[in-house]
Amino acid sequence: QVQLVESGGGLVQAGGSLRLSCAASGRTFSSYAMGWFRQAPGKEREFVATISRNGINTYYTDSVKGRFTISRDNAKNTVYLQMSSLKPEDTAIYTCAAPRNPWVAAPRLMVEYGYWGQGTQVTVSS
């Protein structure tokens, strides 16, 4: 069974930075893409970023392009989300996710993901 454990959330002022980590276990990490999603209070969960299994291909939702960077270390079975120039509207619970299938290159839809972490809270104060 795949397990995903996030860390690194917290409270930060607008303009600040945070780095989220997601440690994976339960299958061959390097064989699967990974993704980050977020859910703000009163809103639906939304896609944030995804990275292919070799780390070469990355995709971001428009609102975070240029500010967030997704990366991975396959030797450590960990995916990261470096967040900079944070805005109050980035406040949300951030969750990492893993797809069910290895042939999905860089999935951006929730239905393509079968495994989810518990989430970590990110709060950006103005």
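To be clear, the structure that these remarks concern was listed above.
Only a predicted model underlies this, so the values are computations on that prediction, with no experimental measurement involved.

Structurally, Ser52 is set in the loop between β5 (46-51) and β6 (58-60). C-alpha of Ser52 to C-alpha of Ser71: the two residues are 19 residues apart in sequence and 9.4 Å apart in space. Filtering out sequence-adjacent residues up to four positions away, Ser52 remains in contact with Ala33, Asn57, Arg72 and Ala105.

Here we take up the nonpolar core. Within the largest apolar cluster, 28 residues are counted, with the highest numbers of intra-cluster contacts made by Trp36, Leu81, Met83 and Tyr94. Looking at this core, the elements that each hand over two or more residues are β3 (18-25), β4 (34-39), β5, β7 (68-73), β8 (78-83), β9 (92-99) and β11 (120-125).

For the coordinates displayed, the defined rule picks out four aromatic pairs. Relative to Tyr113, the ring of Phe37 has its centre 5.1 Å away and its plane inclined at 85°; by these criteria the two rings are edge-to-face. Taken together, the residues span a long stretch of sequence, with Phe37 in strand β4 and Tyr113 in strand β10 (residues 113-116) at a distance of 76 residues. Relative accessible area serves as the criterion here: at 1%, Phe37 is assigned to the buried category. Look at Tyr113 and you get buried, because its relative accessible area is 2%. When the centroid spacing of 6.0 Å and the interplanar angle of 50° are considered together, the rings of Tyr113 and Trp116 count as tilted. An aromatic cluster is built from Phe37, Phe47, Tyr113 and Trp116, whose rings are joined through pairwise contacts.

Inspection of every chain in the model, using the stated rule, returns one disulfide. Bridging Cys22 to Cys96, the disulfide has an S-S length of 1.9 Å. In this structure, the disulfide formed by Cys22 and Cys96 twists by about 45° around the S-S bond and is classed as right-handed. On the criterion of sequence distance, the pair formed by Cys22 in strand β3 and Cys96 in strand β9 is long-range, its members being 74 residues apart. The exposure class of Cys22 is buried, given its relative accessible area of 0%.

Cut-off values and rules
Residues numbered from 1 in each chain as written. Predicted model: local features only at pLDDT ≥ 70, side-chain atom pairs only at ≥ 80, totals over all residues. Heavy atoms only, no water. Helix = DSSP H or I, 4+ residues; strand = E, 2+ residues; numbered from the N terminus. Contact = heavy atoms within 4.5 Å. Core = buried A, V, L, I, M, F, W, Y, C linked by side-chain atoms within 4.5 Å. Buried < 20%, exposed > 50% of the residue type's maximum accessible area, 1.4 Å probe, protein only. Phe/Tyr/Trp six-rings, centres within 6.5 Å; stacked < 30°, edge-to-face > 60°. Disulfide = S-S within 2.5 Å.

Geometric descriptors of this kind do not, in isolation, establish any biological role.
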